[in-house]
Amino acid sequence: SIGFVSVAKTLFLTVHPSSFISSHLTSHNKTNIKKKMSKVENRKLNEEEAKQVQATFLREQQKLQLCQQQEYIVKQKVNAFTTQHKRCQITLAELDTLKNHRVFKTSGRMFLLKGKDELTKELTDNKIHCTKQLVELKKHAISLKKDSEGIIKNIQEIYGKLQQK
């Protein structure tokens, strides 16, 4: 690109003065110069197109990075809710085996005395909440994956265009 620009500038500067063209060149040379000038103009247009394609390519790469970051965040949230869901299931199974109607629940460094039914209801609600969140997050993960696949296809098409030029 740098070589092309310097050649184009040199060609333009040596050929541009209209008085020089009209007074000192034959008609054959004039047509050759016009052809070279049109090639330079076409190359300038091609350079502008290439710049636009390159800008589009960069935007698509940024979209892909953002999509991948969001996928990572969703995976972390899925792991957190899955862990919380499993803990609720294990604790509910433990509560079912107890015969006492009063149990202790931890809250920071403290242990709070609660009724077994109240704690079972809390854990069940928490388990249901985790299940709903997991379903939503998995749907979101699927849509992000589809988006990233579409962006990758766009990048491959743009890369193909850049390779052709």
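Residue numbers here run from 1 along each chain, matching the order of that chain's written sequence. Only residues with pLDDT of at least 70 are given local features in this predicted model, and only at 80 or more are side-chain atom pairs given and counted; all residues enter the totals for whole chains, interfaces and linings. The side-chain numbers reported here are obtained from all heavy atoms of the structure, hydrogens and water having been left aside.

## Looking at the overall build of the chain
For clarity, the cut-off: To qualify as a helix, a DSSP run of H or I must reach at least 4 residues; to qualify as a strand, a run of E must reach at least 2; elements of each kind are numbered from the N terminus. Whether a residue is buried, partly exposed or exposed follows from its accessible area with a 1.4 Å probe, protein chains only, as a fraction of its type maximum: under 20%, in between, or over 50%, in that order. Residue burial considers only the protein chains on display, and all accessible areas are found by Shrake-Rupley using a 1.4 Å probe.
When you go through the chain residue by residue, the secondary structure sums to four helices and two strands. Of the regular secondary structure in the chain, the N- to C-terminal order runs α-α-α-β-β-α. Per-residue burial for the chain yields a buried fraction of 19% across its 165 residues. Accessible area of the chain: about 12900 Å², with a carbon and sulfur share of 56%.

## Here's the deal with the side chain of K116
Rules: The charged-residue count follows a simple rule in which Lys and Arg add positive charge and Asp and Glu add negative charge, with His and chain termini not counted at all. The term salt bridge refers to a side-chain nitrogen of Lys or Arg lying within 4 Å of a carboxyl oxygen of Asp or Glu. Residue contacts are counted whenever heavy atoms from the two residues lie within 4.5 Å of one another.
For K116, the location among the structural elements is in helix α4 (residues 116–164). As a buried residue without a salt bridge, K116 has its nearest oppositely charged side chain in D96, at a separation of 5.6 Å. With residues near it in sequence (within four places) discarded, K116 still touches L95, D96, L98, N100, H101, R102 and V103.

## What about the environment of L58?
Mapped onto the secondary structure, L58 falls in helix α3 (residues 27–97). Sequence separation between L58 and I155 is 97 residues; the distance between their C-alpha atoms is 9.0 Å.

## Brief notes about the confidence of the model for the chain
Applied cut-off: A residue's pLDDT is simply how confident the predictor is in it, with values from 0 to 100.
For the chain, mean pLDDT is 77; residues scoring 70 or higher make up 71% of the total. By mean pLDDT, helix α2 (residues 18–24) is the weakest element of the chain at 40, and α4 is the strongest at 90. Low confidence marks residues 1–30, where pLDDT is under 50. Its contacts with residues over four positions away, or in another chain, come to 20 contacts.

## Let's talk about the nonpolar core
One recurring pattern in soluble globular proteins: nonpolar side chains tend to sit buried together. Formally: Here, the term nonpolar core denotes a set of buried Ala, Val, Leu, Ile, Met, Phe, Trp, Tyr and Cys residues that are joined through side-chain atoms within 4.5 Å.
Formed by C67, V74, V78, F81, C130, L134, L137 and L144, the largest nonpolar core amounts to eight residues. Here C67 is in contact with L144, D147 and S148, once residues within four sequence places are set aside.

## So, the pairing of strand β2 (residues 110–115)
Stated formally: The criterion for strand pairing is that DSSP finds at least two bridges linking the strands in question.
Summarising the sheet, strand β1 (residues 102–107) and β2 pair through six bridges and their orientation is antiparallel. The residue of β2 that forms the bridge with S107 is M110. Hairpin remark: β1 followed by β2, antiparallel, with two residues in the connecting loop; positive phi at G108, about 70°.

## Side note on the state of the cysteines
As a reminder of what qualifies: When two cysteine sulfur atoms are found within 2.5 Å, that pair is recorded as a disulfide.
Following the criterion strictly, the structure yields zero disulfides and no others. Looking at C88, it has no disulfide partner, and the nearest cysteine sulfur is the one in C130, 5.3 Å off. With a relative accessible area of 4%, C88 lands in the buried category.

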